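One-letter residues, chain by chain:
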Amino acid sequence: MRLGILQADHVDPEPRACFGDFANMFVSALGGALGKDTSFDFYDVRGGRYPRRVDECDGYLITGSRASVYDDEPWIARLAAFVRELHDARARTVGICFGHQMIAHALGGRVGCADVGWGVGVHAWRLVDDRPWLRPRLDEFRLLASHKDQVEVLPDGARLLAASDFCPHAAFSIDDHLFALQGHPEFTRAYAEFLMHNREEELGDAFVPGLQSLAEPTNEDVIARWIAGFLAA
């Protein structure tokens, strides 16, 4: 399998030396589940680099970003147009955090800044539907989160897969070719803690409980298997 990582942001240079860039995080998080026959291509979509053709890769993954999908920036509009190309071609595509929101936004859903504020640290979501590639099945799963924006309205044809009271549209799929997830299976606790300290003032009341939640267990390995199963289905 050839997986294209559509990189929508970069870790800043100083922490990148310690934690790696977002694309590297996904290689580390998914490589074991995807297997040794998987290769990765990196596309800096924020910098304007895209595949020459939609079928250049067997599947794609859109990373997180500090940007919002509703920002009026040319690179965001271009990425939304490419998501629509992927959808039309039924190319298997995974969206994580910003990528999750971008799939919803590009296909007619609505994304906004959530009234509940920042979601940081470990969050839990319950599965509300089933797909064959959500194996092993968990009634509830936990991942690291770092977002203030949320999907408010799903696009037409979307199937809600996971939800919580804090984040009602935490995961969805469209047919068998789009899978979108709000949580971060690629984050480490160390990187999540760094982000929270770096944004302490901005996080406000979410800061302390977010830090305390880092002691809770998470399910990155299972989510990596879900993503691998989806891409291979």
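The structure presented is a predicted model; accordingly, all values stated were derived computationally and were not measured.

What counts, and at which threshold
Residues numbered from 1 in each chain as written. Predicted model: local features only at pLDDT ≥ 70, side-chain atom pairs only at ≥ 80, totals over all residues. Heavy atoms only, no water. Helix = DSSP H or I, 4+ residues; strand = E, 2+ residues; numbered from the N terminus. Buried < 20%, exposed > 50% of the residue type's maximum accessible area, 1.4 Å probe, protein only. Contact = heavy atoms within 4.5 Å. Axes fitted to C-alpha atoms, helices over the stretch in contact; angles between N-to-C directions. Parallel < 35°, antiparallel > 145°, perpendicular 65-115°, else oblique. Left-handed = near helix turned anticlockwise from the far one by under 90°. Pairing = 2+ DSSP bridges. Core = buried A, V, L, I, M, F, W, Y, C linked by side-chain atoms within 4.5 Å.

## Section: the environment of I223
At step 1: Considering the arrangement of structural elements, one finds I223 in helix α8 (residues 220-232).
At step 2: Relative accessible area serves as the criterion here: at 0%, I223 is assigned to the buried category.
At step 3: In the structure, I223 is positioned 88 residues away from R135 in sequence and 8.8 Å away in space, judged by C-alpha atoms.
At step 4: Look past the residues within four positions of I223 in its chain and what remains in contact with it is F141, L143, L181 and P185.

## Description of the packing of helix α2 (residues 22-34) against α8
At step 1: It is at 8 Å that the axes of α2 and α8 come closest, and there the two elements cross at 60°. In this view, α2 runs oblique relative to α8, as classed from their interaxial angle. When you trace α2 past α8, the crossing you get is right-handed. Two secondary-structure elements touch here, α2 through A29, L30, A33 and L34 and α8 through A224, R225, I227, A228 and L231.

## Let's talk about the sheet that holds strand β1 (residues 2-7)
At step 1: Judged by pairing direction, the sheet is mixed, and its 9 strands sit side by side in the order β2-β1-β3-β4-β11-β10-β9-β6-β7 without closing on themselves. Across the chains shown, the open sheet's two edge strands, defined by having one partner strand only, are β2 (39-44) and β7 (140-147). Mean inter-strand twist for the sheet, computed between neighbouring axes without regard to direction, equals 25°.
At step 2: Looking at chain direction, strand β4 (residues 92-96) and strand β11 (residues 178-181) are connected through 4 bridges and run parallel. Across the sheet, the residue bridging to I96 is L181, located in β11.
At step 3: Sheet strands touched by α8: β1, β3 (59-62), β4, β6 (119-127), β7 and β11. Its angle to β4, the strand with the most contacts, is close to 155°.

## Describing helix α4 (residues 98-106)
In an α-helix there are 3.6 residues to a turn, and that puts residues three or four apart on one side.
At step 1: Among the 9 residues of α4, 8 are classified as buried, and the element is accordingly described as predominantly covered.
At step 2: Among the residues of α4, those classed as buried are F98, G99, H100, Q101, M102, I103, A104 and A106.
At step 3: Positive phi appears at G108, one or two residues downstream of α4, with a value of about 100°.

## A few points about the packing of helix α3 (residues 74-89) against α4
At step 1: Packing of α3 against α4 brings their axes to within 9 Å, and their N-to-C directions diverge by 70°. As far as their axial angle goes, α4 and α3 are roughly perpendicular. Counting all contacts with α3, which are made through W75, I76, L79, A80, V83 and R84, the residues of α4 involved are F98, M102, I103 and A106.

## Some thoughts on the nonpolar core
At step 1: The biggest cluster of nonpolar side chains holds 33 residues, and the ones touching the most others in it are I96, W125, F141, F179 and I227.
At step 2: Secondary structure elements with two or more residues in this core: β1, α2, β4, β6, β7, β9 (158-163), β11 and α8.
At step 3: Residue contributions to this core peak at 8 residues, all from α8.
At step 4: Apart from residues lying up to four places away in sequence, I227 is in contact with L30, V94, I96, F179 and P185.

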